[in-house]
Amino acid sequence: MNGVLQARRRRHAAAAVVLAALMAAPAVQGCSPGTPVPAPRQSGDSGGAAPASAVPSPRGPLTAGLNQFRDNYASQIIEIQLSNTSSVPVTVLGADVSSTLFPAGAAWQAGPEGTEVPPGQTKSLPARLPAPSCQSPAEDAGARTVPAEATVSVRQGSTTSTVQMAAADPFGVLARNYEELCLALDAGRVAVFSLAPDLEVAADGRTAVVRLTVTPNKAGTGAIRELTIERIEGTTLLAVPPDSPWPSGVTVAAGTGPAEFRLRVRPARCDAHAVAEDKVGTLLPLLVNVGGREGTLKVAAGPALKGQIHDFVTAACGAH
């Protein structure tokens with residue numbers, strides 16, 4: 001019996017050694033070491049096996065974010081920024097961003113060959129915002145907190161897919177444009193705001209006059225019939241002279257006559273890049289309150305006035 005027991009113990013010990021060796025060795029699973037495991041196919045995959053190096057990870061090859069360049073503030077064009085987090089190029093065939101603020105979505109469409117995003121890089125894709133889904137100020141507060149969603153058509157290797165992902169908006173691009181567009185729509189129900197096309201430059205060339213014209217509608221739309229211009233603010237190029245304050249607390253009502261406000265201006269800055277790098281210096285900001293909504297209404301200078309303002313600032317700064 002003792003001999004039998006000792007034989008059994010020797011077999012158990014040998015089996016334990018073999019088991020420990022197997023557990024310490026890397027798992028092969030029918031592949032050579034280092035071969036990536038293919039990710040599940042996503043919706044829109046063209047079918048067929050793609051090369052292992054070209055298969056997106058389960059999280060997808062891209063991340064999405066939103067931004068807006070300063071020279072597009074007046075045109076409501078935003079940037080869908082896609083970053084390639086994979087190790088191989090990704091070709092973007094189309095991208096769309098939608099949210100509760102802009103349910104129709106802002107779309108960018110590539111050419112026939114798409115746009116390639118190299119590994120570790122980000123591409124900015126311009127998309128024009130549609131009309132916002134404006135609600136009352138009390139109702140739309142919650143809508144601004146709902147994240148935007150990006151739908152992107154991509155090709156990676158031989159695989160084409162459509163992926164959806166959250167679109168980060170760290171700068172509040174959608175909320176800001178939503179507020180400005182809804183404010184402009186409400187203000188437009190009361191009056192039309194514009195800047196006269198000519199700049200009146202003083203004889204000494206140090207100051208000038210910008211004329212803001214307010215033309216009330218014959219009748220308001222719905223319950224909105226008036227607004228208040230709380231104040232008029234300066235721009236990166238134009239400032240108010242200390243001895244010529246601009247009007248504030250002005251009530252504009254539908255059905256009244258037009259009004260013109262003569263705004264005496266001086267250069268706000270005279271550094272070398274003030275005019276050369278100007279993006280928003282000819283957008284006159286009006287802080288208004290209309291229908292319970294308060295915000296900044298930007299009145300843009302036309303091409304002729306824009307050029308005259310740039311010339312005035314350049315000349316006035318050079319005279320110092």
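Residues numbered from 1 in each chain as written. Predicted model: local features only at pLDDT ≥ 70, side-chain atom pairs only at ≥ 80, totals over all residues. Heavy atoms only, no water.

Caption draft 1: Broad picture of the overall build of the chain. Along the backbone of the chain there are three helices and 17 strands. Of all 320 residues assigned to the chain, the portion counted as buried reaches 38%. Partitioning the intrachain contacts of the chain with sequence separation of at least 6 by distance along the chain shows that 70% fall at a separation of at least 24. By element, 56% of the accessible surface of the chain is carried by carbon and sulfur atoms, the whole surface being about 17200 Å². (Helix = DSSP H or I, 4+ residues; strand = E, 2+ residues; numbered from the N terminus. Buried < 20%, exposed > 50% of the residue type's maximum accessible area, 1.4 Å probe, protein only. Contact = heavy atoms within 4.5 Å. Areas by Shrake-Rupley, 256 points an atom, 1.4 Å probe, with all protein chains shown as cover.)

Caption draft 2: Structural view of helix H2 (residues 173-188). Taking 1.5 Å per residue, 16 residues should reach 22 Å; H2 reaches 22 Å between its end C-alpha atoms and fits that length. Inspection of H2 places Val173, Leu174, Asn177, Tyr178, Glu180, Leu181, Cys182, Leu183, Asp186 and Ala187 among the buried residues, and these make up the whole buried set. (Expected span 1.5 Å × (residues − 1).)

Caption draft 3: Spotlight on the state of the cysteines. According to the stated counting rule, one finds two disulfides in the structure shown. By sequence-ordered numbering of the bonded cysteines, the chain has its disulfides arranged as 1-2, 3-4. (Disulfide = S-S within 2.5 Å.)

Caption draft 4: Representation of the packing of aromatic side chains in the model. Counting across every chain of the model gives one aromatic pair. Look at phenylalanine 102 and tyrosine 178: their rings are 6.4 Å apart centre to centre, the planes differ by 90°, and that puts the pair in the edge-to-face class. Pair noted here: phenylalanine 102 is in the loop between strand S3 (90-98) and strand S4 (106-109) and tyrosine 178 is in helix H2, with a separation of 76 residues, a long-range link. Sitting above the plane of the tyrosine 73 ring, arginine 176 keeps its charged end 4.4 Å from the centroid. (Phe/Tyr/Trp six-rings, centres within 6.5 Å; stacked < 30°, edge-to-face > 60°. Lys NZ or Arg CZ within 6 Å of the ring centre and 35° of its normal.)

Caption draft 5: Fine view of the sheet that holds strand S12 (residues 226-232). Taken in spatial order, the four strands make up an open sheet running S14-S12-S16-S17, and their pairing is antiparallel. Edge positions in the open sheet fall to strand S14 (248-253) and strand S17 (293-300), since each of these has one partner strand only. Along the sheet, successive strands turn relative to each other by an average axial angle of 35°, direction set aside. Here five bridges tie S12 to strand S16 (residues 283-290), and the two strands are oriented antiparallel to one another. Pairing of isoleucine 229 across the sheet is with valine 288, part of S16. Set on the sheet, H2 makes contact with S12, S16 and S17; between it and S17 the angle comes to about 85°. (Pairing = 2+ DSSP bridges. Axes fitted to C-alpha atoms, helices over the stretch in contact; angles between N-to-C directions.)

Caption draft 6: Examining the nonpolar core more closely. Judged by nonpolar contacts, the single largest core of 37 residues is most densely connected at Phe193, Leu212 and Leu286. For this core, the element with the highest residue contribution is helix H3 (residues 303-318), accounting for six residues. Apart from the residues within four sequence positions on either side, leucine 212 is in contact with Ser194, Leu195, Ile232, Ala259, Glu260, Phe261, Leu263, Leu286 and Val299. Among the nonpolar cores identified, the runner-up in size contains 31 residues, and Phe102, Ala150, Tyr178 and Cys182 belong to it. (Core = buried A, V, L, I, M, F, W, Y, C linked by side-chain atoms within 4.5 Å.)

Caption draft 7: Fine view of the pattern of salt bridges. Summed over all chains, the structure comprises 11 salt bridges. The residue arginine 189 makes a salt bridge to aspartate 186 at a minimum N-O spacing of 2.4 Å. A cluster of three or more residues bridged by salt bridges with shared partners is formed by Asp198, Glu200, Arg211, Glu260 and Arg262. (Salt bridge = Lys/Arg side-chain N within 4 Å of Asp/Glu carboxyl O.)

Caption draft 8: Summary view of the environment of leucine 174. If you trace the backbone, leucine 174 turns up in helix H2. Among the residues examined, leucine 174 registers a relative accessible area of 6% and is labelled buried. A C-alpha to C-alpha distance of 8.6 Å links leucine 174 and alanine 148, two positions 26 residues apart in sequence. Not counting chain neighbours up to four residues away, the residues in contact with leucine 174 comprise Leu66, Ile78, Ser99, Leu101, Phe102, Leu129, Ala148 and Asp169.

Caption draft 9: Spatial organisation of the confidence of the model for the chain. Counting all residues, the mean pLDDT for the chain is 82, and 78% of those residues have values of 70 or more. Counting contacts from residues 1-58, a segment whose pLDDT is below 50, to residues more than four positions away or on other chains yields 36 contacts. (pLDDT = per-residue confidence, 0-100.)

Caption draft 10: Up close: the pairing of strand S1 (residues 62-67). Of all six residues that make up S1, five are buried, and the element is covered over most of its length. Pairing of S1 with strand S8 (residues 159-168), which is carried by two bridges, proceeds in the parallel orientation. Considered in S8, the bridge of glycine 65 is made with alanine 168.

Caption draft 11: Structural context of the environment of arginine 206. In this structure, arginine 206 sits in the loop between strand S10 (200-201) and strand S11 (208-216). On the basis of relative accessibility, which here comes to 37%, the residue arginine 206 falls in the partly exposed class. Considered as a pair, arginine 206 and cysteine 317 are 111 residues apart in the sequence and their alpha carbons are 8.0 Å apart.

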